[in-house]
Amino acid sequence: EKDFDTERKVILEELAMYEDDLPSKSGEVFHQLIYGDNSLGRRIIGTAESLGRVGKPEMEEFRRSKYKSKDVVVVLAGKIKSEGEVESLTEELFKSLPGEVNGGFAQVNAEQGQPRVEVLPKAKAEQANLVMGFAACDRFSEDKYAWQVVNLILGVGFTSRLFKKIREEMGLCYSIGSSFSAYH
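The following paragraphs examine the structure supplied in this document. Within each chain, residues carry numbers counting from 1 in the order of the written sequence. Where local features are concerned, this predicted model is filtered to residues with pLDDT of at least 70; where side-chain atom pairs are given and counted, the filter is 80 or more; whole-chain, interface and lining totals use all residues. Just so you know, side-chain values use all the structure's heavy atoms and leave hydrogens and water out.

## Considerations on the overall build of the chain
- If you tally the helices and strands in the chain, you get seven helices and zero strands.
- Ordered by position from the N terminus, the helices and strands of the chain form the series α-α-α-α-α-α-α.
- Only C-alpha atoms enter the radius of gyration, while the globule expectation follows 2.2 Å times N to the 0.38, with N the number of residues. Computed over the C-alpha atoms, the radius of gyration of the chain is 21 Å, more than 25% above the 16 Å expected from 2.2 N^0.38 for a compact globule of 184 residues.
- Over its C-alpha atoms, taken along the principal directions, the chain stretches across nearly 60 × 40 × 40 Å. Helix and strand labels come from DSSP, where a helix needs a run of H or I of at least four residues and a strand needs a run of E of at least two; each type is numbered from the N terminus.

## Digging into the environment of Gly-36
- Relative to the assigned elements, Gly-36 resides in the loop between helix H2 (22-35) and helix H3 (48-53).
- Gly-36 sits in the partly exposed class, given a relative accessible area of 30%.
- Gly-36 has contacts with His-31, Gly-41 and Arg-42, leaving out every residue within four places of it along the chain. Only protein chains enter the calculation, and the probe is 1.4 Å; a residue is then buried if its accessible area is under 20% of its type maximum, exposed if over 50%, and partly exposed in between. Should any heavy atoms of two residues lie within 4.5 Å, those residues are counted as being in contact.

## Some details on a nonpolar patch on the surface
- Together, Phe-134, Trp-147, Val-150 and Leu-154 make up a nonpolar patch on the protein surface, roughly 380 Å² of accessible area in all.
- Here Trp-147 lies in helix H6 (residues 143-155).
- We classify Trp-147 as partly exposed; its relative accessible area is 32%. Patches were defined on residues exceeding 30% relative accessible area and lacking a salt bridge, with like-charge contacts within 9 Å and nonpolar side-chain contacts (Val, Leu, Ile, Met, Phe, Trp, Tyr) within 5 Å. Computed with the Shrake-Rupley method and a 1.4 Å probe, the accessible areas treat only the protein chains shown as cover for residues. Salt bridges are identified by distance alone: a Lys or Arg side-chain nitrogen within 4 Å of an Asp or Glu carboxyl oxygen.

## What about the environment of Ser-24?
- Mapped onto the secondary structure, Ser-24 falls in helix H2.
- Along the backbone, Ser-24 and Glu-142 are 118 residues apart, and their C-alpha atoms lie at a distance of 30 Å.

## Quick word on the packing of aromatic side chains
- Pairing of aromatic rings covers Phe, Tyr and Trp, the last through its six-membered ring, and needs centres within 6.5 Å; plane angles under 30 degrees mean stacked, over 60 mean edge-to-face, and all others mean tilted. A full pass over the atoms with the stated rule returns three aromatic pairs.
- Judged by centre distance (5.1 Å) and plane angle (70°), the ring pair of Phe-158 and Phe-163 falls under edge-to-face.
- What makes Phe-158 exposed here is its relative accessible area of 62%.
- A network of ring pairs unites the aromatic residues Phe-134, Trp-147 and Phe-180 as a single cluster.
- One Lys or Arg, Arg-167, reaches over the ring of Tyr-174 and ends 4.9 Å from the middle of that ring. Lysine and arginine charges are scored as sitting over a ring when NZ or CZ, respectively, is within 6 Å of the ring centre and within 35 degrees of the ring normal.

## Comments concerning the environment of Asp-3
- The residue Asp-3 is located in helix H1 (residues 2-20) in this model.
- Along the primary structure Asp-3 and Glu-91 are separated by 88 residues, whereas in three dimensions their C-alpha atoms are 28 Å apart.

## As for the layout of surface pockets
- Within this model, the largest pocket holds a volume of roughly 1,600 Å³.
- If you go around the largest pocket, you meet 40 residues; those closest to its centre are Ser-39, Arg-42, Arg-43, Ile-44 and Phe-62.
- Of all the secondary-structure elements, those providing two or more residues to the lining of the largest pocket are H1, H2, H3 and helix H4 (56-66).
- By volume, the second largest pocket amounts to about 1,300 Å³.
- Cavities and pockets were defined on a 1 Å grid built over protein atoms only: a cavity is a set of grid points that admits a 1.4 Å probe from which the probe cannot escape, a pocket is an open set flanked by protein on both sides within 12 Å along at least five of seven lines, and lining residues are those with an atom within 4 Å of any such point. Lining of the second largest pocket is provided by 36 residues; of these, Val-131, Met-132, Gly-177, Ser-178 and Ser-179 occupy positions nearest its centre.
- Contributions of two or more residues to the lining of the second largest pocket are made by H2, H6 and helix H7 (161-169).
- If one sorts the elements of the lining of the second largest pocket by residue count, H2 sits on top with seven residues. Grid points are joined across faces, edges and corners, and a volume is the space filled by probe spheres set on the points.

Here it is, written out as structure tokens:
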């Protein structure tokens, strides 16, 4: 329990740091607006309140309910003596995990009936951050491949259209990009 409390303090410090990091904070708020009050809309690191409610027994129960041997994926790279040795070592390491598959993911509804906007004022900020987006297709859609290509052309890297036009030609920003995630 002492180690758990020490780690909780470290995480609370990280939470405070993220509050001051506008790109991270604006991205988190974007996900909250898109996905609402479900696991995809919540902060990965949690909140001060949620950290206060979680102790060692809750973490042990989470591990028991979510970490299942049939869900484990192992990747090993480098100097390996034999494939059989890796397989036996892997089996030995994970044999104590329950064998059934965990319950999977909760269904997410990302539909919205009207635009959602949130402004995060910070008087001492040197720059502004804008995150804009919409719910596209889910991870099972055939359209996800086309969206990935559009994203690559539009906003990934220094040769993207957004970077070339908005930063290099117009000089309106320091950093710009796009992303595509098919979570639900």
